[in-house]
Amino acid sequence: MSQPVIKARGLRKTYAKGVVALDGADFNVGAGRIVGLMGPNGAGKTTALKAILGLTPFEGELSVLGRDPRIARDQLINDVCFIADVAVLPKWLRVRNALDYVAGVHPRFDRAKAEDVLARTEVRRGSRIGELSKGMITQLHLALIMAIDARLLVLDEPTLGLDLLYRRTFYEALLNDYFDHETTILVTTHQVEEVEHLLTDVLLINHGRIVLDSAVDQLPNRFVQLVTTPANLPAARALQPVHEREVFGRHVLVYDGRDTADLEALGELRTPSIADLFVACMQAPNTAAQTGVRQ
Amino acid sequence: MNAQAFKTLVTRELWEHRSLVWAPVVTAALLVIGTLLSAQGTGSMQINLDGNDSSFFATLSTDPNVNSQLFGIWTSSLIVPQAFVGLLVIFFYLLDCLYAERKDRSILFWKSLPVSDESTVLSKGLTALIVVPVWVWLLSLVSGLLVFGIVAVKVSGTPLAPLGDFHAAVWLTSQLVLLQNLFLAALWFAPVVGYLLVASAFAPRSPLVWTILPPVLLVTAETIVFNTSHIAGFISHRLRGFFDHLGGLMTRDGEQLSMPDVVAQIDAVYRGLSAAGILGELDLWLGLPAAAALFWGAARLRRWRDAV
């Protein structure tokens, strides 16, 4: 991995009422990766993004494209794009004027490209944003963002509240028309299944800490899922699973860094999906989180 | 931030706050339409005025100097209702401009683009201090000519006919004096605009309350604790100080002028159209660093302020 695009060490953020949103998070995001920052509601995802985007003060070390977002936000934002949430485009703005505005203030905005993307949608130039459906607003927002030549794209729950069709096309457009292996994409979501297939890296966050930081292609080498019977359970437990659950009388155990040779005799082995790991990491506060899982 | 980008920022303000553009247009149109409709009442107005003070109109017709200066006074005073409406929409614009974006969360969109908080705040401040006032001035210039044209037609052939004479040099001078006054007012009111921007950027909700409450509390506290009114005096000076420099028709050293005095002093009143005297006030210059500090403060607040 070359010089990371984002490097965070001991990221801490406590809100006014004593709520700890980030509790010493450490992570790197490499150049040209598509990284999913995932966690349950309130895990600290949005706060981490806000810190990266220079939208909130925080403690600890953070470097984004080599800059500290607390002091160099204005320079940083030339190279960073973000969709902070759905429906942040102001209702009174006309589609045409949204294009005018971004073209007017962003030196690296390619208007023709945005027009081109919009031409493939139902979004009309003369409409006010307030008149568009949520799906169309997201299409417009994505068209604006995709026409900006940025080095880092940050997406915070970009498809929240959209129907399946729009969600699917959103990620397809992102992957096919935008991603060029140079731009880094950081996306947060709590709908893991949605992004699973497009990520190159996963960052799982819970209670303000990173509980899993791994390249997706490394996951099968590290994690294995064992489906076993109650008879084999004591032996399986002895091998220290990071997570265990029961499905229809069978036990599903997840292991981190365990040789498959030890497990083969105990039952059926599978590679856990990111969603399986998500559940494993979130429900195992004193296993995955504190032992070995963190790189 | 280059000039093109800054122009985009100001244009954005006018897209969002369309009343800044249209309220002055409507006022100007009403003024012209009102003049047009009142044309039917010419006869009675003429008799009334004649009956009140015939010497005034005698002077008007015989003294070309008084006539041209009176022309300058009445044509430029047509800006008053338009300026009043302008002030009103600017006030509510300033309350809203750094609050609404937090309320509808669009601040997250604006902040996703390479526009610094300083440029944003400056664009809003200059929209209020320069862009809208100059727009009001332009509209008043056009509507003033229309009103004059209607009046000229209406008074022709009556004893008031001299009111229909167009004095080009006086007209041009008085319009330029008005424009100059707008820039002087921008300098004088810059700290007030800065304060409103800070209140708008700070207000957790209801920016109007957050604007009015702090000075009211301070004034009240001062009255109760010290039984003095320095803060009230300070605020009232900042709000009224500019207008004190305009030698109006109504007041001169606090006394109301009667019509014959106006004729006698019309020259002084005409010269009083300019607020240039305010450049001699130390408070004008002291206000500028204060305004800069308040603009900066509003930008800092916007930097870390969350959506409401």
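Here the structure is a predicted model, which means the values were calculated and not measured.

1. Description of the overall build of chain B
Right, so step 1: Summing up its helical and strand segments, chain B has 14 helices and two strands in all.
Right, so step 2: Counting across all 308 residues of chain B, residues that qualify as buried make up 35%.
Right, so step 3: In chain B, once contacts between residues fewer than 6 apart in sequence are set aside, the share between residues at least 24 apart is 84%.

2. Focus: the interface of chain A and chain B
Right, so step 1: Listed as interface residues are 22 residues of chain A and, on the opposing side, 18 residues of chain B.
Right, so step 2: Only strand 5 (80-83) and helix 3 (95-105) of chain A provide two or more residues apiece to the side of chain A that touches chain B.
Right, so step 3: With five residues, the top contributor of residues to the side of chain A that touches chain B is helix 3 of chain A.
Right, so step 4: In terms of residue class, the side of chain A that touches chain B is built from 14 nonpolar, five polar and three charged.

3. A short note on the confidence of the model for chain B
Right, so step 1: Considering every residue of chain B, the mean pLDDT works out to 84; 85% of them sit at 70 or more.
Right, so step 2: Contacts from residues 43-51 of chain B, a stretch scored under 50 in pLDDT, to residues over four places away or in other chains number five contacts.

4. As for the sheet that holds strand 13 (residues 267-270) of chain A
Residues and elements named next belong to chain A.
Right, so step 1: Pairing in this open sheet of four strands is antiparallel, and the strands run 11-12-10-13 from one edge to the other. Strands with a single pairing partner mark the edges of an open sheet, and in this sheet they are strand 11 (243-247) and strand 13. Mean inter-strand twist for the sheet, computed between neighbouring axes without regard to direction, equals 25 degrees.
Right, so step 2: The pairing of strand 10 (residues 223-228) with strand 12 (residues 250-256) spans six bridges and is classified as antiparallel. Paired with Gln225 across the strands is Val254, a residue of strand 12.

5. Regarding the packing of helix 6 (residues 79-97) of chain B against helix 10 (residues 168-202) of chain B
For any two helices packed against each other, the geometry comes down to the angle between their axes and how far apart the axes lie.
All names here are of chain B.
Right, so step 1: The N-to-C vectors of helix 6 and helix 10 enclose an angle of 25 degrees; their axes lie 10 Å apart at closest approach. Considering their axes alone, helix 6 and helix 10 lie roughly parallel with respect to each other. Crossing of helix 6 over helix 10 shows right-handed handedness. On helix 10, the residues touching Ile79, Leu94, Leu95, Asp96 and Cys97 of helix 6 are Leu178, Val193, Leu196, Leu197 and Ser200.

6. Description of the nonpolar core
Right, so step 1: A:Leu140 and A:Val154 are the most contacted members of the largest nonpolar core, which totals 98 residues.
Right, so step 2: Here this core takes seven residues from helix 5 (residues 134-146) of chain A, the largest share from any one element.
Right, so step 3: Residues from two domains meet in this core; each of domain 1 (6-207) and domain 2 (218-283) of chain A gives at least three.
Right, so step 4: Apart from the residues lying within four places of it in its own chain, the contact partners of A:Val154 are A:Leu49, A:Ile52, A:Leu53, A:Val80, A:Phe82 and A:Leu186.
Right, so step 5: Counting 47 residues, the second largest nonpolar core, distinct from the first, contains B:Leu139, B:Ala203, B:Leu294 and B:Ala298.

7. Side note on the pairing of strand 10 of chain A
Residue and element names in this part refer to chain A.
Right, so step 1: Most of strand 10 sits inside the fold, with five of its six residues counted as buried.
Right, so step 2: Summarising the sheet, strand 10 and strand 13 pair through four bridges and their orientation is antiparallel. Each bridged residue has a counterpart across the sheet, and for Val227 the counterpart in strand 13 is Glu268.

8. Looking at helix 14 (residues 282-304) of chain B
Residues and elements named next belong to chain B.
Right, so step 1: With 23 residues, helix 14 should cover 33 Å at 1.5 Å per step; its first-to-last C-alpha distance of 35 Å lies within 8% of that length.
Right, so step 2: Where helix 14 is concerned, the buried positions are Gly287, Ala291, Leu294, Phe295, Ala298, Ala299 and Arg302.
Right, so step 3: Where helix 14 is buried, its residues meet helix 9 (117-155) and helix 10.

9. Things to note about the packing of helix 10 of chain B against helix 11 (residues 207-226) of chain B
All names here are of chain B.
Right, so step 1: Close contact between helix 10 and helix 11 brings their axes to 8 Å; oriented N to C, the two are set at 130 degrees. With respect to helix 11, the element helix 10 is oriented oblique. Note on packing geometry: the crossing formed by helix 10 with helix 11 is right-handed. On helix 11, the residues that touch Leu196, Ala199, Ser200 and Phe202 of helix 10 are Pro207, Trp210 and Thr211.
Right, so step 2: Broken down by class, the residue content of the contact of helix 10 with helix 11 amounts to five nonpolar, two polar and no charged.

10. Structural notes on the sheet that holds strand 5 of chain A
All names here are of chain A.
Right, so step 1: Read from one edge to the other, the open sheet built from six strands follows the order 5-6-7-3-8-9, with strand pairing classed as mixed. In the strand order of this sheet, the two ends are held by strand 5 and strand 9 (209-215), each with one partner. Looking at each pair of strands side by side, their axes are set apart by 15 degrees on average, direction ignored.
Right, so step 2: By the bridge criterion, four bridges tie strand 5 to strand 6 (residues 152-156) in an arrangement that is parallel. Looking across to strand 6, one finds that Ile83 is bridged to Leu155.
Right, so step 3: Helix 1 (residues 45-52) rests against strand 3 (34-38), strand 6, strand 7 (184-189) and strand 8 (201-206) of the sheet, and its axis sits at about 150 degrees to strand 6.

11. Some remarks on the domain arrangement of chain A
All names here are of chain A.
Right, so step 1: For chain A, the assigned domains are domain 1 (6-207) and domain 2 (218-283).
Right, so step 2: Here domain 1 and domain 2 have C-alpha centroids that lie 34 Å from each other.
Right, so step 3: Counting residues at the interface gives eight residues for domain 1 and six residues for domain 2.
Right, so step 4: It is strand 8 that contributes the most residues to the side of domain 1 that touches domain 2, three residues altogether.
Right, so step 5: Tallied by class, residues from the side of domain 1 that touches domain 2 come to five nonpolar, one polar and two charged.

12. What about the confidence of the model for chain A?
Residue and element names in this part refer to chain A.
Right, so step 1: Averaged over all residues, the pLDDT of chain A is 86; the fraction at 70 or higher stands at 95%.
Right, so step 2: Averaged over each element, pLDDT in chain A is lowest for helix 7 (residues 192-195) (81) and highest for helix 3 (95).
Right, so step 3: Considering only residues more than four positions removed or in separate chains, one finds that residues 286-295, a stretch of pLDDT under 50, has 25 contacts.

13. What to know about unusual backbone geometry
Right, so step 1: Notably, A:Phe248 is not glycine yet its phi reads approximately 50 degrees, a positive angle.
Right, so step 2: On the basis of neighbour count, A:Phe248 is assigned to the exposed category, with 4 C-beta atoms found within 10 Å.
Right, so step 3: The backbone phi angle of B:Arg105 is positive, close to 65 degrees, even though this residue is not glycine.
Right, so step 4: As for its position among the elements, B:Arg105 is in the loop between helix 7 (100-103) and helix 8 (107-110).
Right, so step 5: On the neighbour-count criterion, B:Arg105 (17 C-beta atoms within 10 Å) is partly exposed.

Criteria and thresholds
- Residues numbered from 1 in each chain as written.
- Chains lettered and ligands numbered in written order.
- Predicted model: local features only at pLDDT ≥ 70, side-chain atom pairs only at ≥ 80, totals over all residues.
- Helix = DSSP H or I, 4+ residues; strand = E, 2+ residues; numbered from the N terminus.
- Buried ≥ 20, exposed ≤ 12 C-beta atoms within 10 Å, placed from the backbone.
- Contact = placed C-beta atoms within 7 Å.
- Nonpolar A, V, L, I, M, F, W, Y, C, P; charged D, E, K, R; others polar.
- pLDDT = per-residue confidence, 0-100.
- Pairing = 2+ DSSP bridges.
- Axes fitted to C-alpha atoms, helices over the stretch in contact; angles between N-to-C directions.
- Parallel < 35°, antiparallel > 145°, perpendicular 65-115°, else oblique.
- Left-handed = near helix turned anticlockwise from the far one by under 90°.
- Core = buried A, V, L, I, M, F, W, Y, C linked by C-beta atoms within 7 Å.
- Domains from an automatic or database assignment.
- Expected span 1.5 Å × (residues − 1).

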